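Below are the chains, spelled out letter by letter.
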Amino acid sequence: MSGFDLSAILGNPEYAAMLLHGIEMTFIIYAGSWSLAMALAMLLLALRLSPFRFGDPLVAAYVSYHRNVPTLVQLMLWYFGIFTLMPSGLATWLAVHNAEAIFAVIGLGLCQAAYFSEDLRSGVRSVSPGQMQAARALGHGYVSAMRFVIMPQGVRNALPPLINHSVSLFKNSSLAVVIGASELTHAVKEIENLSFRTFEIYLIGTVLYLFFSLVIMSIGAYLSMRTDPARSARA
C-alpha cells in the first residue's frame, strides 16, 4: 500500500456514497433527538415552575439521573435492554423501521432534555421579577405572562448554554455507533475495514465533525447576535 492518499477514499464512489449516507443519518438522529430534547425540556420546565409540589422533586430526579449516568450507558440500556422487553409485534416493527436510529433518537433526546431544561430554567430565573409584575399589571394572566413576556426573555438568556449543549448533542450522535446506527462514525469504521486506509478515513471523519460543529456554532452565534437586546436598541 502506498503512502498518504486521500483520493483513495474521496475518489471512490462507493466510499463517498457511504460517507454521504452516514452524514445524512447523523443529521436525522441529531434533528430528531434535538427536537425531542427541546420539547421535553419545555415540559420539564413547566413542571418545575408549576405550583404543584411534586413537580420540582420529580424533575430534579430526572435531571440527576440523566446527568450522572453516561450517555453511552443510556443508549445501551435502551437498545440492548428495553428493546428486548418490548412486545414481539412492536419489536418487529421497530426492527423493520431502523430500530437503531429510533433508539438513538430516544436515548440522546431524553438525556439531552435534562441539560436543556436546566439551561432554560437558568434563563428564566435570570429574568427580573419585575417583568412578571409588569405583565400582570398590564392584564396578563400567569400563563399569558410566561408565554409572551418571561419565556422569550428566558430563552434569549439561555441561548449560549443551549448552543453549547446543541453542539455537544451533535458530537454525541457518534455514540449511536455502539448500537449499530449507520451514522457517520459507523460509515468511517466500515470504510476503514474495506480500504485499510486508517489515517485517511479517520482524518476525513474528524474534519467532517469539526466542520459541522463549527456550522452549528456559527448558526447559534448568529441567533445570539440577532436576539441581543443591546444590538436591537442600537439598530
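Going by what an unreviewed UniProt entry lists, the protein is known as Amino acid ABC transporter permease and is assigned to Rhizobium pisi. Under the heading Sequence similarities (unreviewed entry), UniProt records this for the protein: "Belongs to the binding-protein-dependent transport system permease family. HisMQ subfamily."

A. Broad picture of the UniProt feature "domain: ABC transmembrane type-1" (unreviewed entry) in the protein. Mapped onto this numbering, the UniProt entry gives "domain: ABC transmembrane type-1" (unreviewed entry) at residues 23-220. For residues 23-220, the helix share is 84%, the strand share is 0%, and the end-to-end C-alpha distance is 20 Å.

B. Focus on helix α8 (residues 142-172). With 31 residues, α8 extends just 37 Å between its outermost C-alpha atoms, more than 12% less than the 45 Å of an ideal straight helix rising 1.5 Å per residue. Leu-159 marks the point of greatest bend in α8, at about 55°, and the proline Pro-160 comes within the next four residues.

C. Expanded view of the UniProt feature "transmembrane region" (unreviewed entry) in the protein. As annotated in UniProt, the feature "transmembrane region" (unreviewed entry) corresponds to residues 27-47, 75-95 and 201-223 in the numbering used here. From the first C-alpha to the last, residues 27-47 spans 30 Å; its make-up is 100% helix and 0% strand. Taken as a whole, residues 201-223 contains 100% helix and 0% strand, while its terminal C-alpha atoms sit 33 Å from one another.

D. Quick look at the pattern of salt bridges. One pass over the structure, following the stated rule, counts five salt bridges. Between Arg-67 and Glu-118 there is a salt bridge, and its shortest N-O distance comes to 4.0 Å. Note that Arg-67 is positioned in helix α3 (residues 55-68) and Glu-118 in helix α6 (residues 99-125), a separation of 51 residues in sequence. Among the residues examined, Arg-67 registers a relative accessible area of 43% and is labelled partly exposed. Taking the relative accessible area as the measure of exposure, Glu-118 reaches 15% and is therefore buried. Residues joined by salt bridges that share partners form a network here, namely Arg-48, Asp-56, Arg-67, Glu-118 and Arg-121.

About the criteria used
Residues numbered from 1 in each chain as written. Predicted model: local features only at pLDDT ≥ 70, side-chain atom pairs only at ≥ 80, totals over all residues. Heavy atoms only, no water. UniProt positions renumbered as here; feature names shortened; annotations may be inferred. Helix = DSSP H or I, 4+ residues; strand = E, 2+ residues; numbered from the N terminus. Expected span 1.5 Å × (residues − 1). Bend = angle between axes of the 7 residues up to and from the residue. Salt bridge = Lys/Arg side-chain N within 4 Å of Asp/Glu carboxyl O. Buried < 20%, exposed > 50% of the residue type's maximum accessible area, 1.4 Å probe, protein only.

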